[in-house]
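Descriptive structure summary
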Amino acid sequence: MSRRLALLACVAAAGAAPDNADVAAYVRGLGAVVPHCSPVSQGTCIYVDGAGGIVHARDMYRTKVAGKGKQMLMDMMLRGAVEALAAGGAALPGRWTSFNMVYTAAGPTKRRPFPTLAIGKREPHRPGLLIPNPFFVSPAWWADHAARTLRRAASRPFRERDSRALFRGSCGPGAAARLELLRVAAALGDRLDVGFTGVDGFPSLGACVAALEAKTGLAAPRGANVSAAHVAQANYSAYKYLIHMPGSATGSYSRNLQYLWTHGSVVLVWNHTATEWYYGALVDGVHYVSVDAATLGDKLADLERDPALRARLVRGARRFFDDHLAAPVLVDRWRAVLDALGAAQDRGDPAIPESACTCDARLAATYAACDQCDVTRLGPADVAHHVGIAKRARPPRVAPLGGA
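Definitions and limits used
Residues numbered from 1 in each chain as written. Predicted model: local features only at pLDDT ≥ 70, side-chain atom pairs only at ≥ 80, totals over all residues. Heavy atoms only, no water. Pairing = 2+ DSSP bridges. Helix = DSSP H or I, 4+ residues; strand = E, 2+ residues; numbered from the N terminus. Contact = heavy atoms within 4.5 Å. Axes fitted to C-alpha atoms, helices over the stretch in contact; angles between N-to-C directions. Disulfide = S-S within 2.5 Å. Buried < 20%, exposed > 50% of the residue type's maximum accessible area, 1.4 Å probe, protein only. Salt bridge = Lys/Arg side-chain N within 4 Å of Asp/Glu carboxyl O. Right-handed = clockwise from strand over helix to strand, strands pointing away.

1. Digging into the sheet that holds strand β5 (residues 129–130)
Backbone hydrogen bonds are what pair the strands of a sheet, in a parallel or an antiparallel way. Across the sheet, seven strands lie side by side as β5-β4-β3-β1-β2-β11-β12; this open sheet has mixed pairing. Here the strands that pair on one side only, and so sit at the sheet edges, are β5 and β12 (368–369). Pairing of strand β4 (residues 116–118) with β5 involves two bridges; the strand directions are parallel. Bridge assignment links Ala118 to a residue of β5, and that residue is Leu130. Lying on the sheet, helix α4 (residues 71–87) is in contact with β1 (44–48), β2 (54–56) and β3 (97–102); it crosses β2 at an angle near 160°.

2. Some points on the state of the cysteines
As enumerated under the stated definition, the model contains four disulfides in all. Cys37 shares a disulfide with Cys45; S-S distance 2.0 Å. Taking the torsion about the S-S bond as the criterion, the Cys37 to Cys45 disulfide, at about -75°, is left-handed. Residue classification places Cys45 among the buried positions, given a relative accessible area of 0%. Here the disulfide map of the protein reads 1-2, 3-4, 5-7, 6-8, the bonded cysteines being numbered as they appear in the sequence.

3. Focus: the pattern of salt bridges
Within the structure shown, the criterion is met by 16 salt bridges. For Asp144, the salt bridge goes to Arg148, with nearest N and O atoms at 3.2 Å. One end of the pair, Asp144, and the other, Arg148, are both in helix α5 (residues 139–154), four residues apart, so they sit about a helical turn from each other. When the shortest N-O distance is used, the salt bridge between Asp162 and Arg164 registers 2.8 Å. With relative accessibility at 24%, the residue Asp162 sits in the partly exposed group. Because the salt bridges share partners, they merge into one network encompassing Asp162, Arg164, Arg168 and Asp193.

4. Brief notes about the pairing of strand β7 (residues 192–199)
Counted residue by residue, β7 has seven buried out of eight residues, so it is predominantly covered. The pairing of strand β6 (residues 162–171) with β7 spans seven bridges and is classified as parallel. When the sheet's bridge partners are listed, Ser170 is paired in β7 with Gly198. After leaving β6, the chain enters helix α6 (residues 176–188) and then returns to the sheet as β7, a path that is right-handed.

Structure, rendered in C-alpha cells:
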C-alpha cells in the first residue's frame, strides 16, 4: 500500500465521529425521492458517479463568477474524502448522486428542491446544508498539515510565548469588525499585535479603510495600528493568544478559524452571526473565549491573571480539534452526505449539461477537462501557498494608508 493510501485508510478509520443527524434530517426534508441537481445561477451542480468520479456542471473559472477559486479545492476535498472512504473499506452509493455546491462565504440565498450544500452562512437561517469549506483541502493534506502544526506548537513552551493577542487579515468590504479591532488595539497599546496585511476588493488599503469609515461612522487609527507585516501561520504558535475575526469580503465566516486550534494557544473568537457546520459544538469558556470591542481588553486581562484558565482553554482547543475538525471527521461528514443521497436520491441518471467538466482521467473521454485541474495536482507545499497560509519569499505589497 502506498504512503498516501495508508494515510487515507488511517484517516477513514481513526476517531469517533460526531453526530451528523442534521445531514439525514436535511435530506429527508427534500422529500421521499430527492431530485438530482439542476443548473442554477448560484454555485454549480456537482455529480458523483457510482465509482466516485466527480463532474462539475460548469467550469466556474471560465465564467468568472464568485467562488471560482474554490471549485478545484472542493474537487480535492470531495475526491480525497471518496478515496479515504474507499481505502477504509466503506461502500459508495454505487450510482449517480448530485447536489448544488454554493461557494460564497455568505451562503445560499434560495431554497431549492434538490440538495444545496454550502461552506458557510452569514446568517444561520439561510437555506442549505453546511459541509467542510474547501480550505481544508483534502483529508490527507489536512491530517499532514495538522500534525506538523502540532509538532511545531509542542516545541514552543507557552510561558515563553509572546503575550500579545495576534490577528492578521485583509481589509475588505465586509471588514467592519476588523476596523473595530484596530480601534481597540489603539486603545490597548502593546497588548494586541493586529493589523491589515492586504486588500480585498479595493485598489488600496487607504481606499478600503475610507470605505469602512464611511460605512460604520468609525474613524480608523492612523499609522502602524492599521497595517502590519505578514506573520506566517507557522509562527502563530509563538503567541499565547490568537484572535479570529469575521471574513473580510462579506463579514461571514473566515477560513482562518479552522487553522487556530492546533497552535497550543488560547483562541479568542469575535462575536458574530456567521456559521459553519461545526460551530454548534463550540462552547464559550471551554474551547474558546468570545470577545467583542467592549470585552476584549478585560478578557485578556482576566486570562493574563489566571494561568489555570489559560491552560484549560488550550486543552479545550485541542480537544475540540480532535473531536470536531480532525481529518476523520471531515471524511465522516462526507460519508453522511453520500449515504443520505444514496438512499434517497432519484435512481435515474442526472441530466448533466454539455458545459460540464471534470478532472478525472477516467471520465476525460466523456467530459471536457476543467481549466484549473492543475490545482488538484499540486504538492503539499504548493497547496499551502495556493490557499494563502504560507507566503512565498517576497515582501507583501500593501499600499500605505491614504495611498493610491
